[in-house]
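Chain by chain, the residues:
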Amino acid sequence: MTVLVTVLLLPLLPDAAAVPAGTTARPAATRPAPGPGRRAVAGRRFTHPGVLLSRAQLDAVRERAAGGAEPWRSAYRAMRTDRYGSLSYTPRPTAVVRCPPGSRPGRGCVEERQDALAAYTHALLWYITGDRAHADKAVQIMDAWSAVVDDHTEGNAALQAAWAGSSWARAGEIVRSTYDDWPRSRVRRFATMLRTVYLPRVTADVADYNGNWDLTMTDAAMGIAVFLDDADAFDEAVVRFRARVPAYFYVRDDGPLPQRPPHSRIGSASDLRTYWFDQRRFVDGIAQETCRNFRHVGYALAATGHIAETAWHQGLDLYAEAGERLRAALTFHAGYQLGDTVPSWLCGGRLSTAMGADTEVLLNHFVHRDGAALPDARQVAERQRRHGDMGTDDLFVAWETLTHAGNPG
């Protein structure tokens, strides 16, 4: 059985650019403008802002950014001096974003991800500083893409749409909910873009792909659903979360083998072990891509946290449903990140443990809301903060030490 393996090409970043300071206004509480498919849904009332961040959390971020306590002081400095937060940032929209797998060159892939992250960065800076120039910059970037982009093509189309779409939804949600100068016609055009260009891609069937795809796509789908007030799309994202998380993070109650992804063509036990990168023994917390590398496990943990956090703000506790698996995964991987000896039965005795700063959202919930200890996972996060790893992966994770470290909301 052939398993598609994602190859990620990480862009090289130039030196950070300073952001002019200035506070001229405070974000206002505005009513969301209607978008395509927007409707009153019986039984579900969406909370805005509510994609990854609540208003209470945003208020806490603003207060901490103005103070001098760590790690938020350093995290805020990193964001406001990053090139993504520069008021001279210029968007580079592309009509058809072409993203082949492997090392073949694409078109618009890096630019789209970077522009979406820049829009989100400026949305955060607007809320923190009250400087309308940042809101206007976020609007400029979002308007540029909604006027042009039409499709994603080639082998990485779904994952590319997920990376960018998750950041677009977060940026759009903050700006639409708090800024009164984004024209309603442009909000509707942006909503149309999310519904027609991104949502179909991120809801595609990828049952036999590495699980970070499905989880990242579901992250984008849920954020888009909240922005659109689309209860059906939200519920479909919940279904995918409930199906994929147990097929990605193993616990012993699953039995001798991990669960198969729903709708997968994986048939035999041998096929399943191959899908888990030839791992033969399964213990609490091991993930489908552990034997590939921790970097991709980190993407899956980040996406899982994003989904559960957005659902939390919409009144649905997915953390409780997946808590045993997620706490086990955090503990299992943190131990090896801290230097535990790798046994010979685990991935042939070799691990690639370079996980990024992908656990802030999960740790915030389990430690600061639930009161779990998770000492190893906390130690890893604290070490990453000390080493300055508090920014963005240039894909879909950005500024989460600032937004979620110790911020239960």
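For the structure itself, consult the block above.
Note that this is a predicted model, so its numbers are computed, not measured. (Residues numbered from 1 in each chain as written. Predicted model: local features only at pLDDT ≥ 70, side-chain atom pairs only at ≥ 80, totals over all residues. Heavy atoms only, no water.)

Visitor: Pulling in residues and values, what's your account of unusual backbone geometry?
Guide: Residue P49 is bonded to the preceding H48 through a cis peptide linkage, with omega at -10°. By the element assignment, P49 lies in the segment before α1 (55-66). Even without being glycine, F277 reaches a positive phi, approximately 55°. With respect to the helices, strands and loops of the structure, F277 is situated in the loop between α9 (269-275) and α10 (294-313). Here L374, not a glycine, exhibits a phi torsion of approximately 45°, which is positive. The residue L374 is located in the loop between α12 (360-369) and α13 (375-386) in this model. (Helix = DSSP H or I, 4+ residues; strand = E, 2+ residues; numbered from the N terminus.)

Visitor: Lay out the nonpolar core with the relevant residues and their values.
Guide: Membership of the largest hydrophobic core comes to 124 residues, with the highest contact counts inside it found for Y120, M142, W168, M193, Y198 and F249. If we skip the residues at most four places from it in the chain, M142 touches A119, W168, A171, G172, V175, W182 and F190. (Core = buried A, V, L, I, M, F, W, Y, C linked by side-chain atoms within 4.5 Å. Buried < 20%, exposed > 50% of the residue type's maximum accessible area, 1.4 Å probe, protein only. Contact = heavy atoms within 4.5 Å.)

Visitor: So, the state of the cysteines: which residues are in play, and what are the values?
Guide: Counted under the stated rule, the structure contains 2 disulfides. Covalently, C99 is tied to C109 through a disulfide, its sulfur atoms 2.1 Å apart. Its torsion about the S-S bond being -125°, the disulfide of C99 and C109 is classed as left-handed. Separated by 10 residues along the polypeptide, C99 in the loop between β1 (96-98) and α3 (109-129) and C109 in helix α3 bring together distant segments of the chain. Overall, C99 belongs to the buried group, its relative accessible area being 4%. Each sulfur in the disulfide pair C291 and C347 lies 2.0 Å from the other. Here C291 and C347 share a disulfide; its torsion about the S-S bond, -75°, makes the bridge left-handed. In this pair, C291 sits in the loop between α9 and α10 while C347 sits in the loop between α11 (318-337) and α12, placing the two residues 56 residues apart along the sequence. For C291, a relative accessible area of 18% corresponds to the buried category. (Disulfide = S-S within 2.5 Å.)

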